[in-house]
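Descriptive structure summary
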Amino acid sequence: MTPDALIHSIDEAYCLDFLARMVQHKSYSATAGERRLAEYMTGQMSELGLHSELMPVPGERLNAIGTLKGQGGGGHSLLFNGHLDTNPVTEGWTVDPWAGKVDDEFIYGIGVSNMKAGDAAYFCALKTLIDAGIKLKGDVILTYVVGELQGGIGTIAAIEQGVKADYFINCEPTDLQAVTLHVGSLMFVIELTGDTRHLSKREEAVDVITAAVQLIPQINGITFSGARTPEHEQVNRGHIGVVHGALGRDLEEWRPPQVADFLRLRGSARYTPGQTVESVLADLQGLLDRLCEQFPGLQAKLINDSDNQPLMPPFEVSLDSPIVKAVNAAYQQVRGEPQPTGIITPPAYFGTDAAHFYQRLGMQGVVCGPGGKFNTMPDERVHKRDYLDMVRVYILAILSICEVAESN
């Protein structure tokens with residue numbers, strides 16, 4: 001069967017039903033439902049003829065890993081990566097978040113965009129090839145991990161237990177765009193300590209709120225040092241998301257006539273390959289040093305607040321990588337137009353498990369999955385056409401990277 005015939009032969013009803021069944025599993029992070037979905041995926045991969053196993057993850061959690069062994073004689077191995085855990089349901093839903101509802105345009109459900117549509121797409125892509133009797137030279141590895149929402153602890157556990165391949169596709173929602181770089185992230189806390197006075201003697205005080213008013217726009221507009229290119233620099237970003245200032249470290253609020261003498265900011269930074277946590281923190285410290293010069297008597301403390309879970313580091317792959325070219329060619333064949341590729345925002349601001357394969361194993365990969373536009377919002381949904389086209393793109397990428405065995 002030709003590649004073109006294969007992508008036109010997918011069982012669309014089965015693909016939609018399989019995704020709906022995944023949505024119907026309530027797989028919140030670190031719950032029994034997450035574990036049941038991992039067990040379900042392992043069973044489904046076993047029925048498909050894959051060698052499948054449940055791999056332990058710290059916190060009594062489980063990854064589901066399946067491998068289709070190739071026939072050898074050339075070809076490369078290809079790993080697909082996606083997470084099973086989802087965000088919680090919020091207010092504002094008008095459809096049942098667990099039903100896996102399908103209408104003329106969309107499939108709905110919590111986690112359908114982030115990222116069960118991607119998970120289901122690579123399962124259905126491999127199933128299509130197996131059902132068609134296609135034998136591959138290289139291995140295909142399907143990884144269904146947990147803990148991506150906790151810094152990627154599931155993928156880290158899989159890597160530490162020997163899971164790897166020549167190339168990978170991380171299937172996070174990108175609206176089918178090929179993202180070749182995303183930033184690393186770190187969380188930080190800044191504590192400003194001043195000197196209080198009654199408002200009648202405000203001129204003698206060191207007002208931490210006034211200082212913070214100066215500082216916050218500087219952080220929100222910062223460009224970190226060491227960016228490799230202007231394109232890298234454009235996705236540097238700092239952001240302050242929490243501000244709390246009042247009196248004393250207990251932040252007493254009942255005495256507003258006094259000048260605030262303690263303030264705590266919580267923020268996040270986004271940086272690119274070539275920049276480091278240490279260089280980002282040094283740049284932030286430079287802002288604080290200049291602030292203290294501007295406000296004599298002010299004390300500023302910077303705290304790296306990323307110690308409670310693994311950092312999500314940056315990721316990058318060359319546009320000339322075989323995996324990028326394979327996905328680009330597949331998209332062109334499916335959609336009849338060039339695939340948007342490169343440092344694409346907003347996905348380039350998000351962290352993914354692609355970073356762990358890149359940083360820990362030096363693997364080349366690309367981030368490309370269905371969903372994104374309606375991600376993490378009430379009535380979360382994915383266009384049916386996008387999901388089904390993603391199945392087709394993954395089929396062609398497998399054929400390109402793994403190659404068809406001569407016996408076919």
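Everything numeric here is computed off the predicted structure, so don't read it as measured data.

Conventions adopted
- Residues numbered from 1 in each chain as written.
- Predicted model: local features only at pLDDT ≥ 70, side-chain atom pairs only at ≥ 80, totals over all residues.
- Heavy atoms only, no water.
- Helix = DSSP H or I, 4+ residues; strand = E, 2+ residues; numbered from the N terminus.
- Buried < 20%, exposed > 50% of the residue type's maximum accessible area, 1.4 Å probe, protein only.
- Contact = heavy atoms within 4.5 Å.
- Areas by Shrake-Rupley, 256 points an atom, 1.4 Å probe, with all protein chains shown as cover.
- Lys, Arg positive; Asp, Glu negative; His and termini not counted.
- Charge placed at Lys NZ, Arg CZ, Asp CG, Glu CD.
- Core = buried A, V, L, I, M, F, W, Y, C linked by side-chain atoms within 4.5 Å.
- Salt bridge = Lys/Arg side-chain N within 4 Å of Asp/Glu carboxyl O.
- Phe/Tyr/Trp six-rings, centres within 6.5 Å; stacked < 30°, edge-to-face > 60°.
- Lys NZ or Arg CZ within 6 Å of the ring centre and 35° of its normal.
- Pairing = 2+ DSSP bridges.

**Here's the deal with the overall build of the chain**
Helix and strand content of the chain: eleven helices and 16 strands. Taken along its principal axes, the extent of the C-alpha atoms in the chain is 85 × 45 × 40 Å. Across the 408 residues of the chain, 55% fall into the buried class. Across the chain, contacts joining residues at least 24 apart in sequence account for 80% of those joining residues at least 6 apart. With an accessible surface of roughly 17100 Å², the chain has 49% of that area assigned to carbon and sulfur atoms. Placing the 32 positive and 50 negative side-chain charges of the chain at their respective mean positions leaves the two points 1 Å apart.

**A few points about the nonpolar core**
Side chains of nonpolar character tend, in soluble globular proteins, to be buried together. By size, the foremost hydrophobic cluster in this structure holds 86 residues, and its most contacted members are Phe80, Leu142, Ile169 and Tyr387. It is helix H11 (residues 384-402) that contributes the most residues to this core, 13 residues altogether. Those residues in contact with Tyr387, other than ones at most four positions away along the chain, are Cys15, Leu16, Leu19, Ala117, Ala120, Ala121, Cys124, Pro370 and Val382. Ala211, Ala212, Ile240 and Leu287 belong to the second-largest nonpolar core, a separate cluster that totals 29 residues.

**Quick word on the pattern of salt bridges**
Within the structure shown, the criterion is met by 19 salt bridges. With a shortest N-O distance of 2.7 Å, Arg61 and Glu34 are connected by a salt bridge. Taken together, the positions of Arg61 in strand E2 (residues 61-68) and Glu34 in helix H3 (residues 32-47) put the pair 27 residues apart, joining distant regions of the chain. For Arg197, the salt bridge goes to Glu204, with nearest N and O atoms at 3.3 Å. On the basis of relative accessible area, Arg197 is assigned to the partly exposed category, the value being 25%. One network of salt bridges, with partners in common, ties together Glu12, Arg335, Arg385, Asp386, Asp389 and Arg392.

**Focus: the environment of Lys135**
Positionally, Lys135 belongs in the loop between helix H4 (112-131) and strand E5 (140-145). Considered as a pair, Lys135 and Ala405 are 270 residues apart in the sequence and their alpha carbons are 5.4 Å apart.

**Description of the packing of aromatic side chains**
On inspection of all chains with the given rule, the structure shows eleven aromatic pairs. Between Tyr14 and Phe18, the aromatic rings sit 6.0 Å apart at their centres with planes inclined by 25 degrees, giving stacked as the arrangement. Of the two residues, Tyr14 and Phe18 are both situated in helix H2 (residues 12-23); the distance of four residues between them amounts to about one turn of the helix. Summarising the aromatic geometry, the rings of Phe168 and Phe315 are spaced 6.1 Å apart at their centres and angled 55 degrees between planes, so their arrangement reads as tilted. Of this pair, Phe168 sits in strand E6 (residues 167-170) while Phe315 sits in strand E13 (residues 315-316), and the two are 147 residues apart along the sequence. Three or more aromatic residues link up through ring pairs in this structure, and these residues are Phe80, Tyr122, Tyr144 and Tyr394. Lying over the aromatic face of Tyr108, Lys101 brings its terminal NZ or CZ to 5.5 Å of the ring centre.

**Details of the pairing of strand E1 (residues 51-57)**
Sheet faces and side chains relate simply in a regular strand, where the side chains alternate between the two faces. Bridge count for E1 against E2 is seven bridges, and the pairing is antiparallel. Bridge pairing links His51 to Thr67 in E2. Connecting the antiparallel pair E1 and E2 is a turn made up of three residues, with Gly59 showing a positive phi of about 90 degrees.

Purely geometric stuff here, so don't read any function into it on its own.
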